[in-house]
Amino acid sequence: MFNINSKNVLITGGASGIGKIMGRICLEKGAASLIIWDINEANMAAARADLGKTAGADGKVFTYKVNVADDENIKAAYSAVRSEVGEVDLLINCAGVVRGNKTFDQQTVGDINLTMDINATAPMLVALNILPDMLKRNSGHICNIASAAGMLGVPKLSVYVASKWAVVGWTESMRIELKQMKSKVRVTTVAPYFINTGMFDGVNSKVFPILKPEKTAAKIIRAIEKEKDFKGIPFPYHFIRIWQGLLPNCLFDMIFGNWFGVYSVMDHFTGRK
């Protein structure tokens, strides 16, 4: 079990959405400090004020403007964190972007680079700076927020899907490496369905309900505490790979694409304004 009490928690993209909610939950569980890395200064100021009202959280919330796709920026921010707060016990890579609902042939190089930089490369760069210290202490936990879209193809979401597949594969490989090292550092992959935070406004889901942020954040924190290797939300998403392996593509496409409506979820996407 991973005990959040008295731990230093760092959340990227923690100034809004489920990142902010997870930060509040960690403070409620007695975290020694909550460190938020975000690019939006206004959101960070609001989050610092809001989260500071959490019982016992006065003086425990620290915010840093960080471009998590810039390794030099990450290095400087992590050095400041170690000096001003202390070493990180729990890292939650939550920052993410989605760029519209165009088919792949209509994507721009800029959108591809931004999506891959923030969703796939950034978590690796952040972990690359923090993991060595965890290994030296032989303690710590890294949680990477991927997506259910990181396990199956979704039309009009191809680049986002690619970025989240990368996170799933990287985290799983890192889990095995740590196991082979006999390290006590743990990693958790989280693969949630669409969450109602505004990021995926306009998605049309026929069968699976859009997830509620509060409940989803609580489930992620519980998965970290239980040191789960993988957490799919909702639970049936744990079996996507089994269905893909057992069913021919035509049948899988019929069930997920036509019956469940997964292949049309992005048709009316608007996203966060």
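Residues numbered from 1 in each chain as written. Predicted model: local features only at pLDDT ≥ 70, side-chain atom pairs only at ≥ 80, totals over all residues. Heavy atoms only, no water.

## Notes on the sheet that holds strand β3 (residues 61-65)
Two strands in a sheet stick together by hydrogen bonds in their backbones, pointing the same way (parallel) or opposite ways (antiparallel). Threshold: A pair of strands counts as paired when DSSP detects no fewer than two bridges linking them. The secondary structure listing takes helices from DSSP runs of H or I that are at least 4 residues long and strands from runs of E that are at least 2 residues long, numbered from the N terminus. To get an axis, a line is fitted to the C-alpha atoms, and for a helix only the part in contact is used. The angle between two axes follows their N-to-C directions and goes from 0 to 180 degrees. Note on contacts: a residue pair is in contact if any heavy atoms of the two residues lie within 4.5 Å.
Read from one edge of the open sheet, 7 strands run β3-β2-β1-β4-β5-β6-β7, paired in parallel fashion. Across the chains shown, the open sheet's two edge strands, defined by having one partner strand only, are β3 and β7 (230-233). Pairwise comparison of adjacent strand axes, ignoring direction, gives a mean angle of 15° for this sheet. In the packing of helix α3 (residues 71-84) onto the sheet, contacts are made with β2 (33-38) and β3, and the angle to β2 comes to roughly 165°. Running at roughly 155° to strand β6 (residues 186-192), helix α5 (residues 158-181) makes contact with β5 (141-145) and β6 of the sheet.

## Regarding the pattern of salt bridges
Stated formally: Between Lys or Arg on one side and Asp or Glu on the other, a salt bridge is scored when a side-chain nitrogen of the former is within 4 Å of a carboxyl oxygen of the latter. We call a residue buried when its accessible area falls under 20% of the maximum for its residue type, exposed when it is over 50%, and partly exposed in between, using a 1.4 Å probe and counting protein chains only.
Under the counting rule described, the total for this entry stands at 12 salt bridges. Close ionic contact of Arg24 with Glu28 constitutes a salt bridge, the shortest N to O distance being 3.0 Å. One end of the pair, Arg24, and the other, Glu28, are both in helix α1 (residues 17-28), 4 residues apart, so they sit about a helical turn from each other. Judged by relative accessible area, which is 22%, Arg24 ranks as partly exposed.

## What about the packing of aromatic side chains?
Think of a pair of aromatic rings as described by two things: how far the centres are apart, and how the planes are tilted against each other in angle. For clarity, the cut-off: Ring pairs are drawn from Phe, Tyr and Trp, using the six-membered ring of Trp, whenever the two centres fall within 6.5 Å, and their geometry is named by plane angle: stacked under 30 degrees, edge-to-face over 60, tilted for the rest. Working rule: Lys NZ or Arg CZ, within 6 Å of ring centre, within 35 degrees of ring normal, means a charge sits over the ring.
For the structure on display, the rule yields 8 aromatic pairs. Aromatic ring contacts, followed pair by pair, group Tyr160, Tyr193, Phe194, Phe200 and Phe269 into a single cluster. Between the NZ or CZ atom of Lys7 and the centre of the ring of Phe2, over which it lies, the distance is 5.5 Å. Directly above the ring of Phe230 sits Arg241, whose terminal nitrogen or CZ lies 6.0 Å from the centroid.

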